Amino acid sequence: MRREEELTKITLNEEEIPTKWYNIQADMPNLPEPPLNPATREPLKPEDLSHLFPMELIKQEASTERYIEIPEEVQNLYRLWRPTPLIRARRLEKALDTPARIFYKNEGVSPAGSHKLNTSIPQAYYNKREGIKRITTETGAGQWGSALSMSCNFFGMECVVYMVRVSFEQKPYRRTFMQVFGAQVIPSPSTLTEAGREALELDPDTPGSLGLAISEAVEDAASRDDTAYSLGSVLNHVVLHQTVIGQEVKAQLEKIDAYPDVIIGCCGGGSNFAGLAFPFIKDKFEGKKIKIIAVEPAACPTLTKGSFQYDYGDMAKMTPLMKMYTLGYDFVPSSIHAGGLRYHGESPLVSQLYHDGYIEAVSYKQSEIFEAAVTFARNEGIIPAPESAHAVKAAIDEALKCREAGEAKNIVFGLSGHGYFDMTAYDAYISGSLIDV
Ligand SMILES: *Cc1c(COP(=O)(O)O)cnc(C)c1O
């Protein structure tokens, strides 16, 4: 039997899967300012959202209860792959010649290949329970559409996915993946919605954007009584569902008597980052010293270059106004390969905590993150999603700082997904055709 501090793969038993989600709104010194109704600019009332979301999710959105029970049926589906392993990246540590200990939480082992299933399952569950038969959504890189398709299939519901056109073209196998689970996949912008037709008129060759695909999915859902809309990031309830990640990491590190000095997550809308970090930010509120880093692409630098203000979540200005870091609702990021990080806004919870100084942010260019991803793959055997590669790069940089300073810090990063549907991106990197924008 190896001593626990010598473990490489730190696992939990099935009974140790969290039974509650952690709601950071119970502990934040400053809550985010309320979302506003886009028509009146008055604070949003629950009924303003009831044509789009089930009541239980609307309640979770504004809840200040510290812990929210995970329904039994959701827990049972989590058991298909949770708890996910926390891995000590020993070979990477050696390759970097760092005294730091590097751990990664591997959410890529989920059947959908990313952390997104943590929220798509409860979202499908609550919708089903409230009588909804059909769910619309948007997807950028395809991970969210994959997770929601699978979840709707588990609960016997229809799923309609508006997929950002550039990803639809770059990732045909993602589309097939969703179709295996019975989803209808539509390239966005499409001619099926007002928002889509308008965008195509302006620019028939537009690569599309997440903001625009959201407009299409929202418009579709709002037009039918049996249909709800579902979002894979940004909103408080989504972030809430992801906190199973950080709670598990805490329990895993306790097994080896360790605590993180640095926590790193890639940040698109903020959900995997928040899911990993929030249970630890709770400790930071209570005085723990811990460095928490959100990593974003230089091509879509929401936290590092955006402004903190009320903005729409979508291009057609249909969603509520949220107080968040944003590059502007009409920002169309260039077609970088980390599709899941091409969103103009940011979770209001992450935004507020960044504004209040609990979180730091860095940005990297895509050539740097693919170089880091390949280093990681060659040592640890996993090809990361291009999104996750941002966290890999930051973890490597932190580990190299430790080498210079001779510090044996514990660095924990989130491997939000695997990159096995992203070979076009890796091919561009390997063949030298990847461009930094
Ligand atoms: C969607 C996605 C992201 C970005 O979304 P967040 O809400 O910021 O987590 C990151 N990594 C992977 C693998 C994704 O699928």
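Let us look at the structure shown here. (Residues numbered from 1 in each chain as written. Predicted model: local features only at pLDDT ≥ 70, side-chain atom pairs only at ≥ 80, totals over all residues. Heavy atoms only, no water.)

### Considering the site of the ligand
- In the vicinity of the ligand there are 19 residues, among which Lys116, Ser233, Gly268, Ser271 and Asn272 approach most closely.
- Interatomic distance of 3.1 Å between a side-chain N/O atom of His115 and an oxygen atom of the ligand.
- Between the ligand and the protein, one listed contact pairs an oxygen atom with a backbone N or O atom of Gly269 at 3.1 Å.
- Burial of the ligand by the protein chains amounts to 98% of its free accessible area of 390 Å².
- Of all the elements in the fold, those that place two or more residues in the shell around the ligand are α12 (271-285) and α16 (386-405).
- Across the shell around the ligand, the residue classes tally to four nonpolar, 13 polar and two charged. (Near = heavy atom within 4 Å. Polar contact = N/O pair within 3.5 Å; in protein donor to acceptor, adjacent residues only side chain to side chain. Areas by Shrake-Rupley, 256 points an atom, 1.4 Å probe, with all protein chains shown as cover. Helix = DSSP H or I, 4+ residues; strand = E, 2+ residues; numbered from the N terminus. Nonpolar A, V, L, I, M, F, W, Y, C, P; charged D, E, K, R; others polar.)

### With respect to unusual backbone geometry
- The step from Arg82 to Pro83 runs through a cis peptide bond, and the omega angle for that step is -5°.
- Note that Pro83 resides in the loop between α2 (72-78) and β4 (86-88).
- That bond from Ser188 to Pro189 is cis: its omega, 10°, falls within 30 degrees of zero.
- Structurally, the position occupied by Pro189 is in the loop between β8 (184-188) and α8 (194-202).

### Looking at the layout of surface pockets
- Here the largest pocket defines a volume of roughly 610 Å³.
- Surrounding the largest pocket, 33 residues form its lining, Pro35, Leu44, Leu49, Glu61 and Asn236 being those nearest its centre.
- Elements supplying a minimum of two residues to the lining of the largest pocket: α1 (55-62), α9 (210-222), α10 (236-241) and β13 (321-326).
- Broken down by element, the residue count for the lining of the largest pocket peaks at six residues, all from α1.
- Residues of the lining of the largest pocket, tallied by class, amount to 23 nonpolar, five polar and five charged.
- Considering the residues around the second largest pocket, the lining is formed by Ala195, Glu198, Ala199, Leu202, Asp203, Thr206, Gly208, Ser209, Leu212, Met315, Ala316 and Val332.
- With four residues, α8 is the largest single contributor of residues to the lining of the second largest pocket.
- For the lining of the second largest pocket, the class distribution of residues is seven nonpolar, three polar and two charged. (1 Å grid on protein atoms, 1.4 Å probe; cavity = no way out; pocket = protein on both sides within 12 Å on 5 of 7 lines; lining within 4 Å. Points joined across faces, edges and corners; volume = space filled by probe spheres on them.)

### Examining the sheet that holds strand β1 (residues 9-10)
- The strand order β1-β4-β5-β15-β10-β11-β14 describes an open sheet built from seven strands, whose pairing is mixed. Single-partner strands in this sheet number two, and they are β1 and β14 (360-364).
- Sheet topology places β1 next to β4; two bridges connect them, and they run antiparallel. Counted as the bridge partner of Ile10 is Leu86 from β4.
- With respect to the sheet, α12 is in contact with β10 (262-266), β11 (291-297) and β15 (410-415), its orientation differing from that of β10 by roughly 155°. (Pairing = 2+ DSSP bridges. Contact = heavy atoms within 4.5 Å. Axes fitted to C-alpha atoms, helices over the stretch in contact; angles between N-to-C directions.)

### Looking at the packing of aromatic side chains
- Within the structure shown, the criterion is met by 17 aromatic pairs.
- Seen in terms of ring centroids, Phe285 and Tyr358 are 5.0 Å apart; in terms of plane orientation they differ by 85°. Their pairing is edge-to-face. Of this pair, Phe285 sits in helix α12 while Tyr358 sits in the loop between α14 (348-355) and β14, and the two are 73 residues apart along the sequence.
- A relative accessible area of 22% means that Phe285 is categorised as partly exposed.
- Arranged with centres 4.9 Å apart and planes meeting at 20°, the rings of Phe308 and Tyr325 form a pair that is stacked. (Phe/Tyr/Trp six-rings, centres within 6.5 Å; stacked < 30°, edge-to-face > 60°. Buried < 20%, exposed > 50% of the residue type's maximum accessible area, 1.4 Å probe, protein only.)

### What to know about the packing of α1 against helix α4 (residues 117-129)
- Contact geometry for α1 and α4: axes closest at 8 Å, N-to-C directions at 130°. Judged by the inter-axis angle, α1 sits oblique to α4. For the pair α1 and α4, contact is made by Glu56, Leu57 and Gln60 and by Gln123, Tyr126 and Arg129, respectively.
- Of the residues contributing to the contact of α1 with α4, the split by class is two nonpolar, two polar and two charged. (Parallel < 35°, antiparallel > 145°, perpendicular 65-115°, else oblique.)

### Here we look at the pattern of salt bridges
- Across all of its chains, the model carries 20 salt bridges by this definition.
- In this structure, Lys282 and Glu286 form a salt bridge, with 3.4 Å as the shortest nitrogen-oxygen distance.
- Given a relative accessible area of 16%, Lys282 falls into the buried group.
- For Glu286, a relative accessible area of 59% gives the class exposed.
- A single salt-bridge network, built from bridges that share partners, covers Arg82, Lys105, Glu107 and Glu248. (Salt bridge = Lys/Arg side-chain N within 4 Å of Asp/Glu carboxyl O.)

### Section: the packing of helix α5 (residues 143-154) against helix α7 (residues 172-180)
- As a packed pair, α5 and α7 sit with axes 8 Å apart at the nearest point and diverge in direction by 10°. As judged from the angle between their axes, α5 and α7 are roughly parallel. Residue-level inspection shows Gln143, Gly145, Ser146, Ser149 and Met150 of α5 in contact with α7, the latter providing Arg174, Phe177 and Met178.
- Class assignment for the residues of the contact of α5 with α7 results in three nonpolar, four polar and one charged.

### Considering the sheet that holds strand β9 (residues 227-229)
- In space, the four strands of this open sheet follow the order β8-β7-β6-β9, with parallel pairing throughout. Of all strands in the sheet, those bounded by a partner on one side alone are β8 and β9. Pairs of neighbouring strands in the sheet enclose a mean axial angle of 25°, with direction left out of account.
- In this fold α5 packs onto β6 (134-139) and β7 (158-164), with an angle of close to 165° to the strand it touches most, β6.

### So, the side chain of Thr139
- In this structure, Thr139 sits in strand β6.
- Residue class for Thr139 comes out buried when judged on its relative accessible area of 1%.
- Not counting the four nearest positions on each side in its chain, Thr139 is found in contact with Trp144, Gly145, Val161, Tyr162, Met163, Val164, Met178 and Leu210.

No statement about biological role is implied by the geometric values presented.
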